[in-house]
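# Inside the fold
What follows is the residue order along each chain.
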Amino acid sequence: MRSISLRRRIAVLSLLSLSLAGCASLGSGRLVASSAPPELSGPAASAIAGDMVTKFAEQVGPGTGTIILKPDGSPFGQALVTSLKSWGYAVATDQKTGAEKTIPLAYVLESYDGQVLARLSTGSVELGRAYSATAAGASPASPVSVMQRG
């Protein structure tokens, strides 16, 4: 029974990831607007942002450049900026910066089947993970999916 549930989650996560693949792509060096559900509670947004930034730093290194981000004004967007700064990243919310190394970053959060699917995308790496979210916080409901771009 448990293996069926796990298979279903993996299949749903895979299908949703594929369907969201173009939503936050970073083609032509331009950023797209990020999106997160506004009804996500502050504690859940902070927990998801903290976890995703930890995994992001594992892939690109902590504080390795200026993050260029177009937040959507949601609790998650605010929590993501705070978490990135706590990891030593400078964060610019427009495309103009004098920084030597910039990392364009976009995010997409979607509610699906009682879970929140989160994705962070840059030109070189994409991270995805499902979370069980409540008003009091959030916890990972799947392994982290990492896609490296060459």
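This text follows the structure it describes.
Here the structure is a predicted model, which means the values were calculated and not measured.

## Description of the environment of Val-116
By secondary structure assignment, the location of Val-116 is in strand β4 (residues 115-121). The spacing of Val-116 and Ala-138 is 22 residues in sequence and 9.0 Å in space, taken between C-alpha atoms. Residues within four places of Val-116 in sequence aside, it is in contact with Leu-40, Ile-48, Leu-109, Glu-110, Ser-111, Arg-129, Ala-130, Tyr-131 and Ala-133.

## A look at the pattern of salt bridges
Taken as a whole, this structure holds four salt bridges when the rule is applied. With a closest N to O distance of 2.7 Å, Asp-51 and Arg-129 form a salt bridge. Of this pair, Asp-51 sits in helix α2 (residues 42-60) while Arg-129 is found in strand β5 (residues 125-134), placing the two residues 78 residues apart along the sequence. With respect to burial, Asp-51 and Arg-129 carry one shared label: buried. One salt bridge in this structure joins Glu-126 and Arg-149, with 2.4 Å as the shortest N-O distance. Here Arg-149 lies in the segment after β7 (145-148) and Glu-126 lies in strand β5, a separation of 23 residues in the sequence. We classify Glu-126 as buried; its relative accessible area is 13%. Classification of Arg-149 by relative accessible area gives partly exposed; the value is 33%.

## Brief notes about the nonpolar core
Nonpolar side chains in soluble globular proteins tend to be buried together. Formed by 29 residues in total, the largest nonpolar core has its most connected members in Phe-76, Leu-80 and Leu-84. Contributions of two or more residues to this core are made by α2, β1 (66-69), α3 (75-86), β3 (102-112), β4 and β5. The biggest single contributor to this core is α2, with eight residues. Residues contacting Phe-76, with those up to four places away along its chain left out, are Ala-36, Leu-40, Ala-45, Ile-48, Ala-49, Tyr-107 and Leu-109.

Criteria and cut-off values
Residues numbered from 1 in each chain as written. Predicted model: local features only at pLDDT ≥ 70, side-chain atom pairs only at ≥ 80, totals over all residues. Heavy atoms only, no water. Helix = DSSP H or I, 4+ residues; strand = E, 2+ residues; numbered from the N terminus. Contact = heavy atoms within 4.5 Å. Salt bridge = Lys/Arg side-chain N within 4 Å of Asp/Glu carboxyl O. Buried < 20%, exposed > 50% of the residue type's maximum accessible area, 1.4 Å probe, protein only. Core = buried A, V, L, I, M, F, W, Y, C linked by side-chain atoms within 4.5 Å.

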